[in-house]
Amino acid sequence: MVTGSLVRRVATTPWNARLRELASQSLFSESLTLYRSMLRSGSSPDAFSYPFTLKSCAALSLPVSGQQLHCHVIRYGCVAEPFVLTALISMYCKCGLVEDARKVFDENTQSHHLSVCYNALISGYTANAKAADAACLFRTMKERGVSVDSVTMLGLVPVCTVPDYVWFGMNLHGQCVRGGMDSELAVVNSFVTMYMRCGSVESGRRLFDQVPVKGLITWNAVISGCAQNGLAYDVLELYEEMKSSGVRPDPVTLVSVLSCCAHLGAQKVGQEVEKVVEANGFASNVFVSNALISMYARCGDLAKARGVFDVMPVRSLVSWTAMIGCYGMHGMAETGIKLFDDMVKCGIRPDGTVFVMVLSTCSHSGLTGKGLELFDAMKREYKLEPGPEHYACVVDLLGRAGRIDEAMVFIESMPIEPDGAVWGALLGACKIHKNVDMAEVAFAKVIEFEPMNIGYYVLMSNIYTDSKNQEGIWRIRVMMRERGFKKEPGYSYVEHKGRVHLFLAGDRSHEQTEEVYRMLDELETSVMEMAGNTECDRCGEVSSSTREHSERLAVAFAILNTSPGTEILVIKNLRVCEDCHVFIKMVSKIVDRRFVVRDASRFHYFEDGLCSCKDYW
DNA sequence: TTAGGGTTAG
C-alpha cells in the first residue's frame, strides 16, 4: 500500500517539493498559486502534486477548485494512485460534497481494498453528521475483510454522540479494548470526548482516570467535557491538577477554563489565566479573546471586557455577539444596539444568535418598539428565518411590556409551531403582570412540550402564590410529586481570595457552615426588625420559607469574610427568587457592602437598601 | 485518512 510517508519520500521534483513545503506550513492559497504557475510553465503535474493541492482546496473549502483538480487528476492519469484517491475523497468531504466523495470511492474499485480510503470516507461522513452512512461503511469494511486500524476509530468515534448511536459508540469502545487499540492515547482521547459529549460524565472521567500518562489533549478532552456539561467548579480543580502534573495548557484549555470562570464569576482566577495568555502569546487567538471578553463581562467588569474587544486585531461574529450580550446583561441596551449597528457597518452579517441577544437586550430594557423593529429587520433586511427562540424573544418583549393579549395573538399567528420557550415566555409575562387566566393557558401548553422542566411548575406555583390561590398551589404540588420532582438545586457562588465558594440551598457542607448560619441568623433578625418600615415592593412582607436559599448563604459567607466597603459579586445560575431579592436589598442597608448579583440573564446592583433593577419585578 | 475549542433568550 502506498502511504503518506511514501508521498513525503518521493515528492522530490522541485515543484512538488515546494508544493509540499507550502501545504505543510498551512500556506494553502500560495500552494494553489504555485500549482497554477507550474501548469503555465509547461511542467506536467504528477500524482505527487495532488495530495498537497487537494489538501489546500479542502483547507480553504474551495469545492470548485477541487473539482477542477479532480479533472486534472483524470487528465494526467493519476487517479489510480491510492494516496490521490484518498486525498480526493477527503477534499470532497471537507468541502461538504460527501456524495461526490462517495462517487470517487465507488467508481474506483481499487479503493474498496484500501483502509485509508475507508478511513477518509468514514471521517468525512462523521464530519458531515452522517452517522448512519459512517456506521454502514464501517460494517462494509469489516465484511470485506479490510483491516480496521486506530485511524478508522478516530474517524468513527466522534459520530457516536448522536443520541441513536451512543450504544454503537460503547460497542466500538469494547472492540478497541479487545483489539488492544485502547493503548493508543489518541483513541482513548476520542472516547473520553465521546462520553463527555453524550453527557456520560462519569464514564468519561473513569476512562480519563485510567490513562496512566495523560497528554495535553487528554486533559483538554476532560476539561472541555466538564465545561460543556456545566461542571464549572470541577473544571477549575482539573486545571489545577493539570498544572501540577506538569502539562502546560494551550489555548484550547484556557478557553474552557475562562468560560468556567465566566460562569462562576471567578474573576481572580480569570485574571491569572489572562497572565498565562499573555506570557504565552495566545492573545492573538480569537477564541481566547472571545472567552476573555465573556469572562470579564460576566464577572461584572464591562470596561475590561471592552478593553479586550477594542484591541482585537480580528474580531469574529462571536466577539461581537459576546460584547453585545454583555451590554444586555448590564441593562445598557442602547450601547448594545449601537454596537450591533457598528458590527453591521463593519460588513459582518448577523446570525440568529446575535439577534437573540439584541432582542432579549431590548426586552430587558423595555425597548419594545426597537425590539419589534429589529425582529422585522431580521426577516426583511437580513433575510434570516426566525426560529422559535426569536419568536420567544418577541413574546417576552410584548409580555414584559404588559401587552399580553397581543403576545397571545402573535403566538397564534406564528408560521411555525410554538415550542416550550415561546409558551414559557408568555408564562413569565403572566407572572410579572399577574394574569392568572392566561398563565393557566400558557402553563398547560408549556408542560406539553417540556413536562420535565421544573422551572415552569415553580413559576406557575408562584403565580398562584401571588394570587393567594391555595387550591392552585396544591394542584401544582401534586403534579410535581406525581412526576417525581425533587427540590430545585439552587446554586450560588462567591469568589474569595482566588477560590470559588459554592453554596446549595440548605447546604451544610461548607467549611465555615457554623459561622455562615450564625451570620445568616443575625442578618435575618436585623432584616425582620426593619421589615416594618422597609417593605417588599411586591407583597410588603419578608417570608422565612426561603431563609436557607443559596444566595443568602453566599451573602452571609461574603459578609463574614470581607471588610466594609467591599464590592461582593454573587453568582446565581437561575433567577434570584423574589424573597432573596428583597432580603439582599435590606441587607445592603444594614452592612456597608455593595452587592452585585448576577442571575441567569442580568446583573442587579444592591446598595444602601436600593436595587438597580426595579423594572424586573 | 487522525483525538480537544467560544457566544444564547425563557
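See the structure shown above.
Keep in mind it's a predicted model, so treat the numbers as computed, not measured. (Residues numbered from 1 in each chain as written. Chains lettered and ligands numbered in written order. Predicted model: local features only at pLDDT ≥ 70, side-chain atom pairs only at ≥ 80, totals over all residues. Heavy atoms only, no water.)

Quick question: what am I supposed to make of the pairing of strand β4 (residues 594-598) here?
Working note: regular strand, side chains alternate between the two faces of the sheet. When you tally the buried positions in β4, you get four out of five residues, the bulk of the element. Pairing analysis gives five bridges linking strand β3 (residues 567-572) to β4, with the strands arranged parallel. Across the sheet, residue Leu 569 finds its bridge partner in β4, namely Val 596. The parallel pair β3 and β4, bridged by helix α32 (residues 578-590), forms a crossover whose chirality is right-handed. Pairing geometry for β4 and strand β5 (residues 603-607), over four bridges, is antiparallel. Opposite Arg 598, over in β5, you have Phe 603 as the bridge partner. (Buried < 20%, exposed > 50% of the residue type's maximum accessible area, 1.4 Å probe, protein only. Helix = DSSP H or I, 4+ residues; strand = E, 2+ residues; numbered from the N terminus. Pairing = 2+ DSSP bridges. Right-handed = clockwise from strand over helix to strand, strands pointing away.)

It is not clear to me how the pairing of strand β1 (residues 491-496) should be interpreted in this structure. Could you clarify?
Here β1 lies mainly inside the structure; five of its six residues are buried. Sheet analysis places β1 next to strand β2 (residues 499-504), joined by six bridges and oriented antiparallel. Following the sheet pairing, Glu 495 is matched in β2 by Val 500. Taken together, β1 and the strand that follows it, β2, pair antiparallel across an intervening segment of two residues, in which Lys 497 is found at a positive phi of about 50°. Pairing geometry for β1 and β3, over three bridges, is antiparallel.

What's the story with the packing of helix α19 (residues 302-311) against helix α20 (residues 317-329) in this structure? I'm lost.
A pair of packed helices can be characterised by two numbers: the angle between their axes and the separation between those axes. Closest axis-to-axis distance for the α19/α20 pair is 11 Å, and the angle between their directions is 160°. It follows from the interaxial angle that α19 and α20 lie roughly antiparallel. Here α19 runs over α20; the crossing is left-handed. Residues Leu 302, Ala 305, Arg 306 and Phe 309 of α19 lie in contact with α20, whose contacting residues are Ser 319, Trp 320, Met 323, Cys 326 and Tyr 327. Residue composition of the contact of α19 with α20, grouped by class: seven nonpolar, one polar and one charged. (Axes fitted to C-alpha atoms, helices over the stretch in contact; angles between N-to-C directions. Parallel < 35°, antiparallel > 145°, perpendicular 65-115°, else oblique. Left-handed = near helix turned anticlockwise from the far one by under 90°. Contact = heavy atoms within 4.5 Å. Nonpolar A, V, L, I, M, F, W, Y, C, P; charged D, E, K, R; others polar.)

How do you make sense of the sheet that holds β3 when you look at a structure like this?
Neighbouring strands of a sheet are bound in pairs by backbone hydrogen bonds; such pairs are parallel or else antiparallel. Spatial ordering of the open sheet is given by β2-β1-β3-β4-β5-β6, a layout of six strands whose pairing is mixed. Looking at strand neighbours, the two that pair on one side only are β2 and β6 (610-611), the edges of this open sheet. Sitting on the sheet, α32 is in contact with β4, β5 and β6, with an inclination near 35° to β5.

Looking at this model, I keep getting lost on the packing of aromatic side chains. Mind explaining?
Working definition: an aromatic ring pair is given by the centre-to-centre distance plus the angle between the planes. Counted by the stated rule, this structure contains 18 aromatic pairs. Residues Phe 208 and Trp 219 carry aromatic rings whose centres are separated by 5.1 Å and whose planes lie at 75° to one another, so their mutual orientation is edge-to-face. In this pair, Phe 208 sits in helix α13 (residues 201-210) while Trp 219 sits in helix α14 (residues 216-228), placing the two residues 11 residues apart along the sequence. Here Phe 208 matches Trp 219 in class, with each residue buried. Centroid distance Phe 309 to Trp 320: 5.0 Å. Interplanar angle 85°. Geometry classified as edge-to-face. In this pair, Phe 309 is assigned in helix α19 and Trp 320 in helix α20, connecting sequence segments 11 residues apart. Across the pair, Trp 320 and Phe 309 agree in class, each one buried. In textbook terms, an aromatic cluster arises when at least three aromatic residues are bridged by ring pairs, as seen for Phe 138, Tyr 165 and Phe 168. Taking the ring centre of Phe 208 as reference, the NZ or CZ of Lys 214 above it sits at 5.0 Å. (Phe/Tyr/Trp six-rings, centres within 6.5 Å; stacked < 30°, edge-to-face > 60°. Lys NZ or Arg CZ within 6 Å of the ring centre and 35° of its normal.)

What is the right way to look at the environment of Val 201 in this model?
Structurally, Val 201 is set in helix α13. Spatially, the C-alpha atom of Val 201 lies 9.5 Å from that of Leu 231, the residues being 30 residues apart in sequence. Excluding anything up to four places from it in sequence, Val 201 contacts Tyr 195, Met 196, Asn 229 and Leu 231.

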